[in-house]
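A structural walkthrough
Listed below, chain by chain, are the residues.
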Amino acid sequence: MKTLRFAYPLVLGLLLGGCAVYVPTVPSTPLLTQHQVEITAGLRGINSLEVDAAWAPTAHLLLAGESAFQGSTTETTTNSVTTTYHDSHRQVGLGLGYYQAPTARSAWYWAAVGGVGFASVELHSIDFAAPSAFVPIPLPYVSGFYEARYLRYYGQLYAARPLSPLVTAGASVRGKLVDYTRLTYEGQPLVPTNRFFLEPTLFVRVGHGVVQGEGTLGLSLPTASDRSNPLNPRTAPVSTLVSIGVIFRPDLLGKGGW
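Here the residue numbers are simple positions, counted from 1 along each chain's written sequence. Under the rules for a predicted model, residues below a pLDDT of 70 receive no local features and side-chain atom pairs below 80 are neither given nor counted, while totals for whole chains, interfaces and linings still include all residues. The basis for every side-chain value is the complete set of heavy atoms in the structure, and neither hydrogens nor water enter the calculation.

Section: the overall build of the chain
Put simply, DSSP marks the helices as runs of H or I at least four residues long and the strands as runs of E at least two long, and each gets a number from the N terminus on. Counting secondary structure elements, the chain contains two helices and eleven strands. Beginning at the N terminus, the succession of helices and strands in the chain can be written as α-β-β-β-β-β-β-β-β-β-β-α-β. Burial here depends on accessible area, computed with a 1.4 Å probe over protein chains only, as a share of the maximum for the residue type. Under 20% is buried, over 50% is exposed, and the range in between is partly exposed. For the chain, with 258 residues in total, the buried portion stands at 44%. The contact criterion used is simple: two residues touch if any of their non-hydrogen atoms lie within 4.5 Å. Long-range pairs, those at least 24 residues apart, make up 63% of the contacts in the chain with a sequence separation of at least 6. Accessibility throughout is a Shrake-Rupley quantity obtained with a 1.4 Å probe, and a residue counts as covered only by protein chains that appear here. Looking at the chain as shown, the accessible area adds up to about 13,000 Å², and 67% of this sits on carbon and sulfur atoms.

If you want it as structure tokens, here you go:
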């Protein structure tokens, strides 16, 4: 019984991470040197599209932009009346960073980036009663509407190195502070149970030409939680960061190689 109560927040968070008020984005990890540009388009999960862009205007300076959209439509029918719900998460962000390119002494590429973003959320969701010693499995009890606007401030460190001529692997860790400018449940103000997340990821790139592939695997972890609050999974979700994407390097056009 104790094991079930302990595992409940993690399992429920993983299941509800895609329908929470806070939805993470996969941390971008550009591997650029001076005057290089890359554009990345990828899918996180099955319904979240993310598009990132990065540019290294000078040695050691990195500019990065991120955007994400997740949308879904659901229908319910009660007494022969069908109601359609449209949910969406929209996010944009900008970052500024410092990078160190590989040298003759070290094959490692590493970077530190800080940034700010904005998110807009509309979410219809079925919420769950908190488990107890008598009911270890959560039971649905109400469907509600969430609306949120928030700023997200982040700091990120990442590093990568080649494993072969065509494969590069790396790791990233991002800390993110969520600052809600609006957060309501059924029109009433809602107090979030967490505002800061740690987001470690591993990533692999394949290719070195104009078009490359990238895969990412990681987690978004809340640093605070209130297990007694049945709405806790909405603002303190444990989310998976699993994505696959394509990287386009326009600066390499005309230089041969794909």
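Next comes the rest of the account.
Details of a nonpolar patch on the surface
Each patch is assembled from residues with relative accessible area greater than 30% and no salt bridge, linking like charges that lie within 9 Å and nonpolar side chains (Val, Leu, Ile, Met, Phe, Trp, Tyr) that lie within 5 Å. Any carboxyl oxygen of Asp or Glu within 4 Å of a side-chain nitrogen of Lys or Arg constitutes a salt bridge here. A contiguous nonpolar patch, built from Val116, Tyr153, Leu157, Val173, Leu177, Phe196, Leu198, Leu219 and Leu221 and spanning about 690 Å² of accessible area, is present on the exposed surface. Contributions of two or more residues to the nonpolar patch are made by strand S6 (140–162), strand S7 (167–185), strand S9 (196–206) and strand S10 (211–222). Among the structural elements, Leu219 can be located in strand S10. Residue Leu219 is classed as partly exposed on the basis of its relative accessible area, which comes to 33%.

Digging into empty space enclosed by the protein
Empty space among the atoms becomes apparent when a probe as large as a water molecule is rolled across them. Cavities and pockets were defined on a 1 Å grid built over protein atoms only: a cavity is a set of grid points that admits a 1.4 Å probe from which the probe cannot escape, a pocket is an open set flanked by protein on both sides within 12 Å along at least five of seven lines, and lining residues are those with an atom within 4 Å of any such point. Grid points are joined across faces, edges and corners, and a volume is the space filled by probe spheres set on the points. Counted under the stated rule, the structure contains two cavities of 30 Å³ or more. In this structure, the largest cavity encloses a volume near 220 Å³. Surrounding the largest cavity, 20 residues form its lining, Val26, Ser28, Thr40, Asp52 and Glu214 being those nearest its centre. Counting residues per element, the ones that place at least two in the lining of the largest cavity are strand S1 (37–44), strand S2 (48–58), S10 and strand S11 (239–248). The dominant element in the lining of the largest cavity, judged by the number of residues it contributes, is S1, at five residues. Any residue outside Ala, Val, Leu, Ile, Met, Phe, Trp, Tyr, Cys, Pro, Asp, Glu, Lys and Arg is labelled polar, Gly included; the first ten of those are nonpolar and the last four are charged. Here the residues of the lining of the largest cavity are counted per class, giving eight nonpolar, seven polar and five charged. Its boundaries defined by the atoms lining it, the second largest cavity holds a volume of some 40 Å³. Lining the second largest cavity we find Val23, Pro24, Thr25, Ser48, Glu50, Ala68, Phe69, Gln70, His89 and Gln91. Of all the secondary-structure elements, those providing two or more residues to the lining of the second largest cavity are S2, strand S3 (61–78) and strand S4 (81–100). Take the lining of the second largest cavity: its biggest share by element is three residues, from S3. For the lining of the second largest cavity, the residue count by class is four nonpolar, five polar and one charged.

Observations concerning unusual backbone geometry
A positive phi is found at His60, a non-glycine position, where the angle reads about 80°. In this structure, Glu186 is a non-glycine residue whose phi angle is positive, near 55°. Inspection of the secondary structure assignment puts Glu186 in the loop between S7 and strand S8 (188–189). Since its relative accessible area comes to 47%, Glu186 is described here as partly exposed.

With respect to the pattern of salt bridges
With the rule as written, the count across this model stands at nine salt bridges. Glu66 is paired through a salt bridge with Arg174; the nearest N and O atoms lie 2.8 Å apart. Highlighted residues: Glu66 in strand S3 and Arg174 in strand S7, separated in sequence by 108 residues. Under the relative-accessibility criterion, Glu66 is labelled buried at 6%. Owing to a relative accessible area of 0%, Arg174 belongs among the buried residues under this scheme. A salt bridge links Asp251 to Arg249; the shortest N-O distance between them is 2.7 Å.

Quick look at the pairing of S1
The alternating pattern of S1 places Glu38, Thr40, Gly42 and Arg44 on a buried face, while none of Val37, Ile39, Ala41 and Leu43, on the opposite face, is buried. Two strands pair when backbone bridges link them, and S1 and S2 are joined in this way by eight bridges, in the antiparallel orientation. In the sheet register, Ile39 faces S2, and the bridge partner there is Ala53. If you look at the hairpin formed by S1 and S2, you'll find three residues sitting between the two strands, and Gly45 has a positive phi there, around 70°. What makes two strands pair is DSSP finding at least two bridges between them. Pairing of S1 with S11 involves six bridges; the strand directions are antiparallel. Bridging from a neighbouring strand, Gly42 pairs with Gly245 of S11.

A short note on the environment of Asn47
Residue placement: Asn47 occurs in the loop between S1 and S2. Look at Asn47 and you get partly exposed, because its relative accessible area is 34%. Considering only alpha carbons, one finds Asn47 and Phe69, 22 residues apart in sequence, at a separation of 8.4 Å. With residues near it in sequence (within four places) discarded, Asn47 still touches Phe69, Gln70, Gly71 and Ser72.

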